[in-house]
Amino acid sequence: MALGGNALIRKGQAGKVEEQFENLKRPLSQIARLSEEYRIIITHGNGPQVGNLLLQQECCDAVPRLPLEILVAQTQGQIGYMIESTLDNELMALGLDGKQLFVTLLSYVVVDDKDPGFLNPSKPIGPVFPEDVAQKLPYPTVKTGKGYRRVVASPRPLTIVEKREIKRLIDAGFIVIACGGGGIPVIRESRSFHGVDAVIDKDLASAKLAEEVGVDVFVMATDVEGVAISYGTGEERFLDRVSIHEARYYLEKGEFPPGSMGPKVEAAIQFVERCRKRAVIASIDAIEMAVHGNAGTEFTL
Ligand code: ADP
Ligand code: MG
């Protein structure tokens, strides 16, 4: 279950902690109910949170600045904590507290130091700025559906370092919260890892994790009901089902922009093609229905 950034911060909100806790109730009440029927791995985005941490430290010269990889690690902690405590309350409401165990795992994700993403930053993070403000910022920005946002490098995930640990925890009955913010990006150097300045797309990292752990259903929950063609125009049409062949055609036609719907569709195609299992893109409000095949856009072979 990959939760989009809007599971925590909805459009138009400043992103106060109280708002984030409140927003998390929607997805986590559904996940708590599903946990009676399914073993679940939760992954999540961190775009607004990691961008805010960057901004916060740029406002302060009294202490050394932290590289992006450390900020990603921080967001795994802060969001993991918020998901855990909300999940705990929701399980309690169902009388499942103590029966259903859960854990948040810091996760590294290996990337290639020669990934073209390092030369061509594409991942929007942090707050949305109006055009005139964006033009004066000291770093590159990109125009998104919501406004202008900072962009950073987003290399492709090659493998999840903790995949065996996650599988063991799942097999032992835990709900696992992992690969937060797409994972801490690391490069492998002989037998050790070191972090790099980037933010991995959480949908692509989640697809990789889904594949490596071998899940039956891969759900990406976001702030739209599913995948549309001619999105945002008079011709807009949401798709109930789409074959990966057709999805690839629309992707190449530019129906799904990079940094938002593009990586979700790519993640779904990759998972269905390699694993021949179900992938669904759905609204955060319809997670349960999507799992049961009654909402969202389902990708088929
Ligand atoms: P998340 O935080 O869940 O990853 P994103 O903002 O990255 O959310 O991606 C979801 C957004 O993709 C939607 O809010 C919508 O505005 C945008 N989008 C772009 N193209 C499409 C499309 N063809 N169909 C549906 N949504 C689209
Ligand atoms: Mg996204």
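These numbers come from a predicted model, not from an experiment. (Residues numbered from 1 in each chain as written. Chains lettered and ligands numbered in written order. Predicted model: local features only at pLDDT ≥ 70, side-chain atom pairs only at ≥ 80, totals over all residues. Heavy atoms only, no water.)

Caption draft 1: Helix α1 (residues 17-34), seen in detail. When the terminal C-alpha atoms of α1 are compared, their 26 Å separation across 18 residues agrees well with the 26 Å that a helix rising 1.5 Å per residue should span. In α1, a bend of some 40 degrees at R26 exceeds every other bend along the element, and P27, a proline, comes one to four places later. Where the residues of α1 are buried, they touch β1 (2-3), β2 (41-44), α2 (47-58), α3 (68-93) and α9 (287-291). (Helix = DSSP H or I, 4+ residues; strand = E, 2+ residues; numbered from the N terminus. Expected span 1.5 Å × (residues − 1). Bend = angle between axes of the 7 residues up to and from the residue. Contact = heavy atoms within 4.5 Å.)

Caption draft 2: View of the site of ligand 1. If you check the shell around ligand 1, you find 21 residues, and the closest are G5, T222, D223, A228 and K264. In this structure, D223 approaches ligand 1 through a side-chain N or O atom, which is 2.6 Å from an oxygen atom. K264 places a polar side-chain atom, nitrogen or oxygen, 2.6 Å from an oxygen atom of ligand 1. Burial of ligand 1 by the surrounding chains reaches 88%, relative to a free accessible area of 570 Å². Taken atom by atom, the bulk of ligand 1 overlaps the largest pocket. The set of elements that each furnish at least two residues to the shell around ligand 1 consists of β12 (217-222) and α8 (261-275). (Near = heavy atom within 4 Å. Polar contact = N/O pair within 3.5 Å; in protein donor to acceptor, adjacent residues only side chain to side chain. Areas by Shrake-Rupley, 256 points an atom, 1.4 Å probe, with all protein chains shown as cover. 1 Å grid on protein atoms, 1.4 Å probe; cavity = no way out; pocket = protein on both sides within 12 Å on 5 of 7 lines; lining within 4 Å. Sits in = over half its atoms within 2 Å of the grid points.)

Caption draft 3: Region of interest: the sheet that holds strand β11 (residues 192-195). Read from one edge of the open sheet, 4 strands run β8-β4-β10-β11, paired in mixed fashion. One side of each edge strand has no neighbouring strand; the edge strands of this open sheet are β8 (159-160) and β11. Across 3 bridges, strand β4 (residues 108-110) lies against strand β10 (residues 184-189) in parallel orientation. Residue V110 lies in a different strand from β10, and its bridge partner there is V186. Across the sheet, α3 touches β10 and β11, and the angle it forms with β10 is around 130 degrees. (Pairing = 2+ DSSP bridges. Axes fitted to C-alpha atoms, helices over the stretch in contact; angles between N-to-C directions.)

Caption draft 4: Region of the structure containing the nonpolar core. Grouped together as the largest cluster of nonpolar side chains are 43 residues, with contacts concentrated most on I166, F218, V227, V265 and F299. For this core, the secondary structure elements donating two or more residues are α5 (163-171), α6 (202-213), β12, α7 (244-253), α8 and β16 (278-283). Broken down by element, this core gets its largest block of residues, 7 residues, from α8. Apart from the residues within four sequence positions on either side, I166 is in contact with I41, L105, I160, V176, A178, L209 and V213. Of all hydrophobic cores here, the second largest spans 27 residues; its members include L24, I42, I175 and V219. (Core = buried A, V, L, I, M, F, W, Y, C linked by side-chain atoms within 4.5 Å. Buried < 20%, exposed > 50% of the residue type's maximum accessible area, 1.4 Å probe, protein only.)

Caption draft 5: Main features of the packing of α5 against α6. The interhelical angle for the contact between α5 and α6, taken along N-to-C directions, is 65 degrees, at an axis separation of 10 Å. For the pair α5 and α6, the crossing hand works out as right-handed. Facing K163, I166 and K167 of α5, the residues of α6 in contact are L209, E212 and V213. Here the contact of α5 with α6 is built from residues that sort into 3 nonpolar, no polar and 3 charged. (Left-handed = near helix turned anticlockwise from the far one by under 90°. Nonpolar A, V, L, I, M, F, W, Y, C, P; charged D, E, K, R; others polar.)

Caption draft 6: Highlighting unusual backbone geometry. Positive phi is not limited to glycine here, since S230 has a value of about 50 degrees. Following the sequence through the fold, S230 ends up in the loop between β13 (228-229) and β14 (237-238).

Caption draft 7: Highlighting the pairing of strand β6 (residues 141-144). In terms of strand pairing, β6 meets strand β7 (residues 147-152) through 4 bridges, oriented antiparallel. Bridge pairing in β7 places T144 opposite G147. The antiparallel pairing of β6 with β7 creates a hairpin that spans 2 residues between the two strands.

Caption draft 8: Seen up close, the side chain of S107. With respect to the helices, strands and loops of the structure, S107 is situated in the loop between β3 (102-104) and β4. Residue class for S107 comes out buried when judged on its relative accessible area of 0%. One polar contact links the side chain of S107 to the main-chain amide nitrogen of C179, over a distance of 2.8 Å. Residues in contact with S107, not counting those within four places in the same chain, are Q76, E162, A178, C179, G183 and I184.

Caption draft 9: Quick peek at the pairing of strand β17 (residues 297-300). Across 3 bridges, the pairing between strand β15 (residues 241-243) and β17 is parallel. Across the sheet, S243 pairs through a bridge with T300, a residue of β17.

So, to be careful, I would describe these as geometric facts and stop short of saying anything about function.
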